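Residues per chain are reported as follows:
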Amino acid sequence: VREHWVSKLRSGLNKTGASISGVFTGTQIDEALYEDLESALLMADSGTGATAYLLDEVRRRVKDSGVTHPVAVKNILTDALTQLLKPLEQALVIGEFKPTVIMVAGVNGAGKTTSIGKLTRHLANEGASVLLAAADTFRAAAREQLEVWADRNRVEIVSQEGGDPAAVSFDAVSAGKARGKDVVLVDTAGRLPTQLHLMEELRKIKRVVSKADSTAPHEIILVIDGNTGQNALSQVKAFDDILQLTGLIVTKLDGTAKGGVLAAIALWARERAKASPGLKPVPVYFIGVGEKLEDLETFNAREFSQALLA
Ligand code: GDP
């Protein structure tokens, strides 16, 4: 029997030693408890903004409800965190467009290629036909890795040695249309937000894909490594500036990730929605909880909060 993802997530989060639940073992609610809670949230990668937000929220709710035992504070925090994370909980919908064109970006090592393999499996399980586009035209190893995932999932792949990543993406979307595919998944080369010419290349891929299909790309997903804390948040901001993201996959939450970064992302997403109400939201479509094909789970705010605070 496969280990349930919540238990993998929980054991991953517990490995960090940054246990938030340890804060609630005392007998009274006092300033020391709030100080410990602040440290624990920061240690868990929540960042200063989300930590301050959650602390305020918890203080207010504790006052309003008149509870007196730390365990009640833990429940209040679980609820507040769940509420904060809830807007990130949204399903990836395909079927509105044929094909649904999904661009996937990320820094090297984030788990992008692995996540594309997993996502292909997930979509295939739902009965969708998938075409992969290897838009990383420069690294042979990247292409080969994607070919392995294509083989494993028995799906077609459009790949080309060298050449222009935008041109390969254009060809793949055209092929996806011609062959009646449900989804075209475009794998882009890993890059850092500081590599401006490569960020510009992403913008070009997006633009050229829209020439093959004026409604595409329908989704622009950033893959981030859940282990990288506030760094992951800066990646989200930087890629969003260039591409206007429509979703995230957060990987490696089965390892030593601290999980609080989701709270930081949720706060960012909330501020983004306020500042730019016209933009599509940026939910967490999936989380990665292992290296195998099936280790991809839809994000659930309450389960995640409970795992984080267990
Ligand atoms: P890319 O450079 O972004 O394409 O990254 P890869 O897909 O090659 O993944 C980098 C490493 O992270 C590989 O060893 C993967 O097996 C591993 N990896 C990816 N996702 C996960 C995950 O959710 N959990 C764990 N434990 N490892 C992962």
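Please read all numbers here as calculations on a predicted model, not as lab measurements.

### As for the overall build of the protein chain
At step 1: Within the protein chain one finds 11 helices and eight strands.
At step 2: A compact globule built from 310 residues would reach a C-alpha radius of gyration of about 19 Å, and the protein chain, at 20 Å, matches this within 12%.
At step 3: Projected onto its principal axes, the C-alpha positions of the protein chain cover 65 × 45 × 35 Å.
At step 4: For the protein chain, the residues scored as buried account for 54% of the 310 residues in total.
At step 5: Of all intrachain contacts in the protein chain linking residues separated by at least 6 positions in sequence, the fraction that spans at least 24 positions is 79%.

### Remarks on the UniProt feature "domain: SRP54-type proteins GTP-binding" (unreviewed entry) in the protein chain
At step 1: UniProt annotation of "domain: SRP54-type proteins GTP-binding" (unreviewed entry) refers to residues 283–296 when read in the numbering used here.
At step 2: Helix and strand shares over residues 283–296 are 0% and 43% respectively, and the end C-alpha atoms of the span are 15 Å apart.

### Some remarks on the nonpolar core
At step 1: Of all hydrophobic cores here, the largest spans 103 residues; its most connected members are Ile 20 and Leu 185.
At step 2: Examining the composition of this core, we find that nine residues originate from one element, helix α10 (residues 261–275), more than from any other.
At step 3: If we ignore the near neighbours within four places in the chain, the residues touching Leu 185 are Ile 102, Val 104, Ile 116, Leu 119, Thr 120, Leu 123, Val 130, Leu 131, Leu 132 and Ala 133.

### Thoughts on unusual backbone geometry
Trans is the common state for peptide bonds, and a negative phi is the common state for residues other than glycine.
At step 1: Here the amide bond leading from Lys 98 into Pro 99 is cis, since omega sits at -5°, within 30 degrees of zero.
At step 2: Within the secondary structure, Pro 99 is located in the loop between α4 (70–85) and β1 (100–106).
At step 3: Pro 217 follows Ala 216 through a cis peptide bond whose omega is -5°.
At step 4: Inspection of the secondary structure assignment puts Pro 217 in the loop between α8 (196–212) and β5 (219–225).
At step 5: Non-glycine residue Gln 244 carries a positive phi angle of around 55°.
At step 6: Of note, Gln 244 is situated in the loop between α9 (230–243) and β6 (247–251).
At step 7: The backbone of Lys 252 shows a phi angle near 60°, a positive value even though the residue is not glycine.
At step 8: Checked against the element boundaries, Lys 252 lands in the loop between β6 and α10.

### Considering the site of the ligand
At step 1: If you check the shell around the ligand, you find 16 residues, and the closest are Gly 109, Lys 112, Thr 113, Thr 114 and Glu 291.
At step 2: Backbone polar atom of Gly 288 to an oxygen atom of the ligand: 3.3 Å apart, as the coordinates give it.
At step 3: Taking 590 Å² as the accessible area of the ligand by itself, protein coverage stands at 77%.
At step 4: Tallying contributions element by element places helix α5 (residues 112–125) first for the shell around the ligand, with four residues.

### Some points on the packing of aromatic side chains
At step 1: If you walk through the whole model with that rule in mind, you get one aromatic pair.
At step 2: On the basis of an interplanar angle of 55° and a centroid distance of 5.5 Å, the ring pair of Phe 299 and Phe 304 is categorised as tilted. The same class applies to Phe 299 and to Phe 304, which are both buried.
At step 3: Positioned above the aromatic ring of Tyr 34 is the side chain of Arg 59, whose terminal nitrogen or guanidinium carbon lies 4.2 Å from the ring centre.
At step 4: The lysine or arginine in question, Arg 152, covers the ring of Trp 149, its NZ or CZ lying 4.6 Å from the ring centre.

### Structural notes on the side chain of Ser 21
At step 1: Along the polypeptide, Ser 21 turns up in the loop between α1 (5–15) and α2 (31–43).
At step 2: The buried category is assigned to Ser 21, whose relative accessible area is 17%.
At step 3: At 3.1 Å, the side chain of Ser 21 forms a polar contact with the backbone oxygen of Ala 310.
At step 4: Among residues more than four places away in sequence, those in contact with Ser 21 are Lys 74, Leu 309 and Ala 310.

What counts, and where the lines are drawn
Residues numbered from 1 in each chain as written. Predicted model: local features only at pLDDT ≥ 70, side-chain atom pairs only at ≥ 80, totals over all residues. Heavy atoms only, no water. Helix = DSSP H or I, 4+ residues; strand = E, 2+ residues; numbered from the N terminus. Rg over C-alpha atoms; globule rule 2.2 N^0.38 Å. Buried < 20%, exposed > 50% of the residue type's maximum accessible area, 1.4 Å probe, protein only. Contact = heavy atoms within 4.5 Å. UniProt positions renumbered as here; feature names shortened; annotations may be inferred. Core = buried A, V, L, I, M, F, W, Y, C linked by side-chain atoms within 4.5 Å. Near = heavy atom within 4 Å. Polar contact = N/O pair within 3.5 Å; in protein donor to acceptor, adjacent residues only side chain to side chain. Areas by Shrake-Rupley, 256 points an atom, 1.4 Å probe, with all protein chains shown as cover. Phe/Tyr/Trp six-rings, centres within 6.5 Å; stacked < 30°, edge-to-face > 60°. Lys NZ or Arg CZ within 6 Å of the ring centre and 35° of its normal.

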